[in-house]
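Residue-level structural notes
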Amino acid sequence: MITTIKSQSTEISTLDALWTLYRSQSKKVRQALAKRILEEHNLHQTQAQQQMVKESLTRAFDDLHSGKVRHDARKLFK
């Protein structure tokens with residue numbers, strides 16, 4: 001199935017081109033692409049959370065070794 005889009009402009013954005021390509025795919029292909037996009041998003045979120053925990057723990061251990069003991073653990077994640 002080919003989708004035709006009427007546009008006022010002669011320029012087509014990359015996003016519009018990708019969207020048109022996506023929409024022209026079968027339902028099975030669209031579902032597979034959506035699944036991959038969600039997996040990529042979840043992986044990115046997991047990596048960001050791991051980095052935040054690593055930075056927080058590094059700060060906490062640095063404070064501990066330098067004699068600055070934190071009694072309020074909530075401050076570790078700021």
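As the structure is a prediction and not an experimental result, all values here were calculated from the model. (Residues numbered from 1 in each chain as written. Predicted model: local features only at pLDDT ≥ 70, side-chain atom pairs only at ≥ 80, totals over all residues. Heavy atoms only, no water.)

1. Side note on the overall build of the chain
Of regular secondary structure, the chain possesses 2 helices and 0 strands. In the chain, which comprises 78 residues, the share counted as buried stands at 5%. As displayed, the chain has an accessible area near 7600 Å², and 58% of this comes from carbon and sulfur atoms. (Helix = DSSP H or I, 4+ residues; strand = E, 2+ residues; numbered from the N terminus. Buried < 20%, exposed > 50% of the residue type's maximum accessible area, 1.4 Å probe, protein only. Areas by Shrake-Rupley, 256 points an atom, 1.4 Å probe, with all protein chains shown as cover.)

2. Focus on the packing of aromatic side chains
With the rule as written, the count across this model stands at 1 aromatic pair. Aromatic side chains Trp19 and Tyr22 sit 5.2 Å apart centroid to centroid with 25° between the ring planes, which places their arrangement in the stacked category. Placement of both Trp19 and Tyr22 in helix H1 (residues 14-23) is noted, with a separation of 3 residues, approximately one turn of the helix. Residue Trp19 is classed as partly exposed on the basis of its relative accessible area, which comes to 48%. (Phe/Tyr/Trp six-rings, centres within 6.5 Å; stacked < 30°, edge-to-face > 60°.)

3. Thoughts on helix H2 (residues 27-65)
Between its first and last C-alpha atoms H2 spans 57 Å; for 39 residues at 1.5 Å apiece the expected length is 57 Å, and the two agree. Regarding H2, the residues found buried are Ser56, Ala60 and Asp63. Where H2 ends, the next residue or the one after it, Gly67, has phi of about 95°, a positive value. (Expected span 1.5 Å × (residues − 1).)

4. Brief notes about a nonpolar patch on the surface
A cluster of nonpolar residues, Met52, Val53, Leu57, Phe61 and Leu64, forms a patch on the protein surface that exposes about 440 Å² of accessible area. The exposure class assigned to Leu57 is partly exposed, which follows from its relative accessible area of 41%. (Patch = residues over 30% accessible without salt bridge, like charges linked within 9 Å, V, L, I, M, F, W, Y side chains within 5 Å. Salt bridge = Lys/Arg side-chain N within 4 Å of Asp/Glu carboxyl O.)

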